[in-house]
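Below are the chains, spelled out letter by letter.
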Number of protein chains: 12
Amino acid sequence: MSGTYKIIELVGTSPKSFAEAVRAAVNEAAKTVRNMGWFEVVDQRGRIEEGNVTEFQVTVKVGFKLER
Amino acid sequence: MSGTYKIIELVGTSPKSFAEAVRAAVNEAAKTVRNMGWFEVVDQRGRIEEGNVTEFQVTVKVGFKLER
Amino acid sequence: MSGTYKIIELVGTSPKSFAEAVRAAVNEAAKTVRNMGWFEVVDQRGRIEEGNVTEFQVTVKVGFKLER
Amino acid sequence: MSGTYKIIELVGTSPKSFAEAVRAAVNEAAKTVRNMGWFEVVDQRGRIEEGNVTEFQVTVKVGFKLER
Amino acid sequence: MSGTYKIIELVGTSPKSFAEAVRAAVNEAAKTVRNMGWFEVVDQRGRIEEGNVTEFQVTVKVGFKLER
Amino acid sequence: MSGTYKIIELVGTSPKSFAEAVRAAVNEAAKTVRNMGWFEVVDQRGRIEEGNVTEFQVTVKVGFKLER
Amino acid sequence: MSGTYKIIELVGTSPKSFAEAVRAAVNEAAKTVRNMGWFEVVDQRGRIEEGNVTEFQVTVKVGFKLER
Amino acid sequence: MSGTYKIIELVGTSPKSFAEAVRAAVNEAAKTVRNMGWFEVVDQRGRIEEGNVTEFQVTVKVGFKLER
Amino acid sequence: MSGTYKIIELVGTSPKSFAEAVRAAVNEAAKTVRNMGWFEVVDQRGRIEEGNVTEFQVTVKVGFKLER
Amino acid sequence: MSGTYKIIELVGTSPKSFAEAVRAAVNEAAKTVRNMGWFEVVDQRGRIEEGNVTEFQVTVKVGFKLER
Amino acid sequence: MSGTYKIIELVGTSPKSFAEAVRAAVNEAAKTVRNMGWFEVVDQRGRIEEGNVTEFQVTVKVGFKLER
Amino acid sequence: MSGTYKIIELVGTSPKSFAEAVRAAVNEAAKTVRNMGWFEVVDQRGRIEEGNVTEFQVTVKVGFKLER
C-alpha cells in the first residue's frame, strides 16, 4: 500500500445490524470520498426505545489513498 | 439528556448473531428496568462446540434515566 | 474449566457479516485444532472497494484445552 | 477501607462544568444509596446545539460500603 | 451459557493476599445475590501504613444469571 | 440519530478551565461546521510557565450529521 | 523541545474543581522542581462524604527539562 | 536477550491462588515447549459456584527463544 | 499554544524505517495543510513479502492551528 | 486526602507470590520514602527457568504525601 | 484478503534500531512459516548496559494465510 | 532480576529517528542514575516545522535496581 493515506471517522446507523450500520456509513461517504480501501470498527452503540433496540450505531475509521 | 442516568452491565446470548445477542439482553432487562435509552458494546465473545460457533455472547452497558 | 488451555489468534473473513467471519475462522481452525471451547473478538475491520464494503474481517482469540 | 464495597456507574449532567455534572450525579444517587465514599471519572462527553456546548455529561463510577 | 446475565462490580479487601480479597468480595455478595457464575479482576490496589502493606484491595466484575 | 455522522478531532485552549477549553474548540469549529451534535473528551493537557498552569488544553472528538 | 525531559506523577486535590486540583499539584511541585513545561491528566477521582462531593483529586504527569 | 523469541498465550487454573494458576500453565507448557524465559499476566478471572470461588484462572503470555 | 487546533489522521509508508514513514506522511500532507505543529504515532504496521519486510506503515495524528 | 501527593513506580520480586512481590517493593521503598499511603498494581510478570516459575515480578505505583 | 489467517507473536532484537529488530523477527520466522503477509508492532523495549542502549526489542504480531 | 527496581519516565529527542531519541534520553539519565537495566517505549511524538518533521520525541520508562 505504498503512498500516503488519510483516515476519517464516521458513525453509521441501521435498525437491523452492526454490519448494515457499517455499510450505511461507507456508502454515504462514497458520495464525496474516493479511493476508500479499508475500515476499522472503533465503537458499537445503539438506541433503546420502550425496551427494544431500535438502532445500531457503529463508529468506523475509514482509510483512503491521497491522490497526487 | 439533562437529569441523572444509571448504567448497568449485561451479557446477552444468541445462537445467530451479535445483534441478536444485544436484543436478547435488552429485552430481558426491559422486564424490570424502565426508561432505558442507549447501549454500548464492551465485549464480544462466544462458545465453540465440536468446531462450530454455537453461541454469540455480547456484554453491553445499558443506560437509563433515574426517575425522581 | 480446570486444566490448562492455549489461546490462538485468527482472522476470519466474510462478505456478509461479522458473525459469519467468526464462523469462517472457527470452522477453518477446526480442521487441525481439537477441543476449542470459546472465542473472544479482538478486532473488527474490513475491505472497501468502489465505495462498498466487500469483506468483513474479524480477529478472534480462540481457546482450547491442552490434551495430556 | 476493610470490608466489601460495591461500585455503580452513573452519568451526571450540567450546563456549566464537568465538576458540576459530577456533583449532580452524586447528589441524585444520595437519595437512595448510603455510605458512598469515592468516585472515579470514566467518560466526559457533552451536547452541542447550534454551535454551543449546552450540556456537560460525566460518567462516574461511585463506590460505597456494603452494610451487613 | 444461554440466557441473560448481569454483571456487578465489587471491591473486596484482605490483609493477606489478592486471592483472599476476591474471596471476601464474592462471599459477601453471596448473601444477597444468587446464581453467581464467574468473576474478572479489573483493578488491584492496596493500603500502606508505616511502610508496610496492610490491605490488599481487588476490584472484580461478577456475573450472575438473571432468573425469569 | 438515524443518518450518517462524521467525527472530527479538535484541541481547544483556555487559561481558566477544561470546560472553557471545550467551549473554545466548539465555538471556533462552529464557524465552518454545521449540525454539530455532541463531543467526547479524549485528552486533557496543559502548559506550565514559571510554576503556574497558564493554559488548559482539551482534545475533543466532535460529531456532526452529514447533510445530503 | 530539544534536550531531555523527566516526567513525574502527582495527585492534586481541591474542594472546588478539577482545574483547581491541577493548579494545586503544580504549585506545590514548583517549590522543589524547576523548568516544568507541561502536564497531562491521567486520572480524575474524588471523595464523597454524606452524599456530597467534598474533594476533587486529579492525577497528572508533569514534564520538566533536565538541566545540564 | 539477543536472538528471536516467540510468545504464546496460555490459561492456567488453580483452586488456590493466582500464583498457583500461573505455575500450572507454565508446568503444563514445559512438557512440549523448551527455553521458556518469562511470562506476563494478561487476564485474571475465575469460577464461582454456590457463592464461593472454586477456581482461579490466569491468562499469561509466555516467551521462549527460537532455536536455530 | 493558545488558539484552536485540528487533528487529522494519516498513514505514511516507507521501505526503510518507521521514521521515514512518518516523514512521508507529513511531507505529503504539507501540500494541502498549513500550520502543522506536531504529530503523535498511533499505530505501527507493515507488509511482508516472501519472508521480508517490504514496507513500514505508520499511522500518525497530526495537529495544526486553525486560521481565522 | 487533601494536600499534594507524589506517585513513584517500583518493581518488586518474590519467588513465592504476587502479594509477596508487592510487599518486597514497598518495604524496600520504606527505607527512603516516608508517608506512603497506597499502591496500585500496573503489571505482573515473572521469570521461568527450566520450565518452572522462579520469580514473580510486580510493577506497582506507590503514592505518598509531599511534606511541606 | 478472503480466506482465514493466523496471527503469531514474536520478539525481534537488534543493536541498531526498531526497524532492524522487526526485520530480524520476520526473517527468523520465515524459516518455518510461509505466506506471512503483515505485521503490527505491539511493544517496543530494550536493554541498557553501563548507561547505553545495547539492544532494541520489538514485539510484533505477524499474520499469515492458512493453507488448505 | 531479584531485588527491587525503580522506574522513571523520560522524554528523549532527536532530529533523526526514534532510536536516536531513546539513546539521547538514556545517555542523559546515565549522568545521574546508575544501574539502569531496561527501557520501554510509552509514547512517540514529534515536532513539525514548515511541513517537515524536525524532531522525534520518545517517552520511555527506564528501570534500574535500587542499591542497598
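Up top you'll find the structure we're talking about.
Because the structure is predicted, anything quoted here is derived from the model rather than measured. (Residues numbered from 1 in each chain as written. Chains lettered and ligands numbered in written order. Predicted model: local features only at pLDDT ≥ 70, side-chain atom pairs only at ≥ 80, totals over all residues. Heavy atoms only, no water.)

Moving on: the interface of chain H and chain C. Accessible area lost upon the coming together of the parts is a frequently used measure of interface size. The partner chain C presents 11 residues to the 15 residues of chain H that form the contact. Carbon and sulfur atoms make up 49% of the area that chain H and chain C hide from each other, which totals about 1000 Å². On the chain H side of the interface with chain C, the three residues burying the most area are Glu9, Val11 and Glu28 of chain H, jointly 51% of the side's total. Between chain H and chain C we count 1 salt bridge in total. Here Lys61 of chain C makes a salt bridge to Glu9 of chain H, at a shortest N to O gap of 2.9 Å. Put simply, chain H and chain C have 5 residue pairs in polar contact (both at pLDDT 80 or more) between them. Taken together, the elements giving at least two residues each to the side of chain H that touches chain C come down to strand S1 (5-14), helix H1 (18-29) and strand S3 (52-65) of chain H. In terms of residues, the side of chain H that touches chain C owes the most to one element, S1 of chain H, which gives 6 residues. Looking at the side of chain H that touches chain C residue by residue, the class counts come to 5 nonpolar, 4 polar and 6 charged. Sheet analysis places strand S1 (residues 5-14) of chain C next to S1 of chain H, joined by 3 bridges and oriented antiparallel. For Tyr5 of chain C, the partnering residue across the bridge sits in S1 of chain H and is Val11 of chain H. (Contact = heavy atoms within 4.5 Å. Buried area = accessible area lost by both parts, 1.4 Å probe. Salt bridge = Lys/Arg side-chain N within 4 Å of Asp/Glu carboxyl O. Polar contact = N/O pair within 3.5 Å; in protein donor to acceptor, adjacent residues only side chain to side chain. Helix = DSSP H or I, 4+ residues; strand = E, 2+ residues; numbered from the N terminus. Nonpolar A, V, L, I, M, F, W, Y, C, P; charged D, E, K, R; others polar. Pairing = 2+ DSSP bridges.)

Turning our attention to the relation of the copies chain A and chain B. Note: a rotation about an axis with an accompanying shift along it relates these two copies of the chain. With an axial shift of 0.0 Å and an RMSD of 0.0 Å, the rotation relating chain A to chain B amounts to 120°. Here the symmetry operator amounts to a three-fold rotation axis. Rotation axis and chain A: the residue whose C-alpha lies nearest the axis is Phe18 of chain A, separated from it by 4.7 Å. Residue by residue, only 13% of the interface of chain A is reproduced at the interface of chain B, so the copies engage with different surfaces. (Least-squares fit on C-alpha atoms with pLDDT ≥ 70 in both.)

Before going further, it helps to examine the relation of the copies chain H and chain C. If you rotate chain H by 120° and push it 0.0 Å along the axis, it lands on chain C with an RMSD of 0.0 Å. Both copies present different contact surfaces, since only 7% of the interface residues of chain H are interface residues in chain C too.

Turning next to helix H1 (residues 18-29) of chain A. All names here are of chain A. Here H1 spans 17 Å end to end across 12 residues, near enough to the 16 Å set by a 1.5 Å rise per residue. For H1, the full list of buried residues reads Phe18, Ala19, Ala21, Val22, Ala25, Val26, Glu28 and Ala29. The opening residue of H1 is Ser17, an N-cap whose side-chain oxygen sits 3.4 Å from the backbone nitrogen of Ala19. (Expected span 1.5 Å × (residues − 1). Buried < 20%, exposed > 50% of the residue type's maximum accessible area, 1.4 Å probe, protein only.)

By secondary structure assignment, the location of Ala25 of chain B is in helix H1 (residues 18-29). Looking at Ala25 of chain B, the relative accessible area reads 0%, which means it is buried. In sequence terms Ala25 of chain B and Glu9 of chain B are 16 residues apart; their C-alpha atoms lie 9.7 Å from each other. Not counting chain neighbours up to four residues away, the residues in contact with Ala25 of chain B comprise Leu10, Val11, Gly12 and Val60 of chain B together with Thr4 of chain E.

Another aspect to go through is the pattern of salt bridges. In total, this model carries 96 salt bridges over all chains according to the counting rule given. For Glu40 of chain J, the salt bridge goes to Arg45 of chain E, with nearest N and O atoms at 3.2 Å. Of this pair, Glu40 of chain J sits in strand S2 (residues 36-49) while Arg45 of chain E sits in strand S2 (residues 36-49), on two different chains. The network of salt bridges with common partners includes Glu40 of chain A together with Asp43 and Arg45 of chain C.

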